[in-house]
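Coordinates in review
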Amino acid sequence: MSRQSNRTTDSKKMNSELFTLTYGALVTQLCKDYENDEEVNKQLDKMGYNIGVRLIEDFLARSTIGRCQDFRETADVIAKVAFKMYLGITPSVTNWSPAGDEFSLILENNPLADFVELPDNHNTLIYSNLLCGVLRGALEMVQMAVDVKFAQDTLRGDNVTEIRMKFIKRIEENLPAGEE
Amino acid sequence: MADESLFEFLHMEMVSHVFTEQQSSKGEMDNKDRAVCISVLEAMGFRVGQGLIERLTKDSPSFKDELDIMKFVCKDFWTKVFRRQVDNLRTNHQGTYVLQDNKFSLLTQLSNGKQYLDQAAKYLAFSCGVVRGALSNLGLESVVTAEVAVMPSCKFQVVIQKL
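On a predicted model such as this, the values are computed, not experimentally measured, just so you know.

Criteria and thresholds
Residues numbered from 1 in each chain as written. Chains lettered and ligands numbered in written order. Predicted model: local features only at pLDDT ≥ 70, side-chain atom pairs only at ≥ 80, totals over all residues. Heavy atoms only, no water. pLDDT = per-residue confidence, 0-100. Contact = heavy atoms within 4.5 Å. Helix = DSSP H or I, 4+ residues; strand = E, 2+ residues; numbered from the N terminus. Polar contact = N/O pair within 3.5 Å; in protein donor to acceptor, adjacent residues only side chain to side chain. Salt bridge = Lys/Arg side-chain N within 4 Å of Asp/Glu carboxyl O. Buried < 20%, exposed > 50% of the residue type's maximum accessible area, 1.4 Å probe, protein only. Pairing = 2+ DSSP bridges. Phe/Tyr/Trp six-rings, centres within 6.5 Å; stacked < 30°, edge-to-face > 60°. Lys NZ or Arg CZ within 6 Å of the ring centre and 35° of its normal. Axes fitted to C-alpha atoms, helices over the stretch in contact; angles between N-to-C directions. Parallel < 35°, antiparallel > 145°, perpendicular 65-115°, else oblique. Left-handed = near helix turned anticlockwise from the far one by under 90°. Core = buried A, V, L, I, M, F, W, Y, C linked by side-chain atoms within 4.5 Å.

**Re the confidence of the model for chain A**
Averaged over every residue, the pLDDT of chain A is 88; the share at 70 or more is 88%. Scored below 50 in pLDDT, residues 1-9 of chain A makes 3 contacts in the model with residues more than four places away or belonging to other chains.

Written as C-alpha cells, this is what we have:
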C-alpha cells in the first residue's frame, strides 16, 4: 500500500525527469548538429514555436480560461495557470514597463535545467530557449505578437532565471477575400 | 512537475525536426536517410533511458536474473515512462523477449487502426532507445526493435546480446 502512494508522487516527478532528460538529449543533439550556439538557439526557438502553436489548444481546452482583457491579465494567466499546469512552477510577474507592454517572469528554479551544467565552450547557448518559442507561438495563436527573451539565466551564473516578454502588436484576423 | 502532454509535444516536435533536417539537404528521403533519422532518435532515447533507470533504481535491491529485470521493465519502468504496464510479456527463455503494449501512449494520438501505419516507426525509435538505454545500465546489452500491426498496439522485441 505504501508502495502505491509512493508511486503516485513518484510518477509526477518521473514525468518531469522524462521531460528534462529528453530535453537535455535534444539540446545535446542540436549542439552536435550545428556548429555554433546561435544556430542552436534559433532551432530551439523554432521548435518551441511549433510546440507553442499546438500547446495553446491543449491549454485552452484544459484550463477553461476565457479571453484575457489586457496584457496584465495575460501575464498573470501565463505565470499562475500555464506554467503551473505544464511545469509545476509559478514564476512571479515583475518589472512592468511604464507603458504596461513589457514584463518579466522570474523563475526561481527551471525544471528544464535540472541536473544541467553548461560546458565552457557553450557560454552563448540559451539552454531553455525552447520556452521562448513556446510562449511566442502560443500567444500568436491568440492574436498577440510578442517578443520573448531570456534576460537572466541561472545556467550562465545569474541568481535567477528571468524571461522578458514584450507586447508588439495585436494580430488582426485575416478573413479570406470574399467573406464578410 | 512537468505535465505528461509536454513530453508528448516535445517528442512529436523532435521527430518532426530530425526528419525535416535530413530532408532539407535533398528533395526526397530514401531509406538510408530514414535509417539515419531513426538512429538519431534511438540514440537520444538511449541516453534518456540510461538516466531514467538510474533515477528509478537507485534505492532498489539488485535483480535476481534477466527475467526479473525484464519484469521490472514491463511493470515499474513502463509505468513511470509510458504511464501503463506492458500488457503481455513473452520470452523464449533464450534471451529474446516480446513486450506488447496495446495502447502505447506515443501512438494513441496518431490513429486507432491502420491509418498512418507507415509513419509509426518514426514515433517508436525514441522509445526503443529508452528501453535499450535502461537495459544497458542494468547490465544487459540488447537490440530493441518495435513493430506495429494495428495502432495503437505495438510490440517491442528485445534481444539480449550475450557477450
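**Examining the side chain of T57 of chain B**
Residue and element names in this part refer to chain B. Along the chain, T57 turns up in helix α2 (residues 31-57). A distance of 2.7 Å separates the side chain of T57 from the backbone oxygen of I53, its partner in a polar contact. Dropping the residues within four chain positions of it, T57 is found in contact with F63, F72 and L138.

**Comments concerning the pattern of salt bridges**
For the structure shown, the criterion picks out 17 salt bridges over all chains. Linking K149 of chain A and D147 of chain A is a salt bridge whose minimum nitrogen-to-oxygen distance equals 2.9 Å. Taking relative accessible area as the criterion, K149 of chain A reaches 48% and is therefore assigned partly exposed. For D147 of chain A, a relative accessible area of 29% corresponds to the partly exposed category. The residue E4 of chain B makes a salt bridge to R83 of chain B at a minimum N-O spacing of 3.7 Å.

**Details of the pairing of strand β1 (residues 88-91) of chain B**
Residues and elements named next belong to chain B. For β1 and strand β2 (residues 96-101), the ladder comprises 4 bridges, and the chain directions are antiparallel. By the bridge assignment for β2, R90 is matched with V98. Counting the residues in the hairpin turn of β1 and β2 gives 4 residues, including H93, whose phi is positive at 55°.

**Looking at the environment of E38 of chain A**
Residues and elements named next belong to chain A. On the secondary structure map, E38 appears in helix α2 (residues 37-63). Residue E38 is classed as exposed on the basis of its relative accessible area of 52%. Sequence separation of E38 and I168 is 130 residues, and the distance between their C-alpha atoms is 23 Å.

**Quick notes on the packing of aromatic side chains**
The tally for this structure, following the rule as stated, stands at 14 aromatic pairs over all chains. Between W78 of chain B and F82 of chain B, the ring centres sit 4.7 Å apart and the planes meet at 55°, which makes this aromatic pair tilted. Within this pair, W78 of chain B and its partner F82 of chain B are both found in helix α3 (residues 66-82), separated by 4 residues, close to a single helical turn. The two residues W78 of chain B and F82 of chain B agree in class, both being buried. The residue whose ring lies beneath R72 of chain A is W96 of chain A, and the NZ or CZ to ring-centre distance is 4.3 Å. Sitting above the plane of the F19 of chain B ring, K122 of chain B keeps its charged end 4.7 Å from the centroid.

**Here we look at the packing of helix α3 (residues 71-87) of chain A against helix α4 (residues 129-140) of chain A**
Residues and elements named next belong to chain A. For the pair α3 and α4, interaxial distance at closest approach is 13 Å and the crossing angle is 120°. On the basis of their axis angle, the class for α3 and α4 is oblique. For α3 against α4, the interelement crossing comes out right-handed. Contacts between α3 and α4 pair T74, I78, F83 and L87 from the former with L131, L135 and L139 from the latter.

**A closer look at the confidence of the model for chain B**
Taken over all residues, the pLDDT of chain B has a mean of 91, while the share at 70 or more is 97%. Across the assembled chains, the prediction reports ipTM 0.92 with pTM 0.90.

**Some words on the nonpolar core**
Among the nonpolar cores identified, the biggest contains 101 residues, and I163 of chain A together with L99 of chain B are the most heavily contacted of them. Not counting chain neighbours up to four residues away, the residues in contact with I163 of chain A comprise F83, F103, S104, L105, L107, L131, L135, V148, K149 and F150 of chain A.

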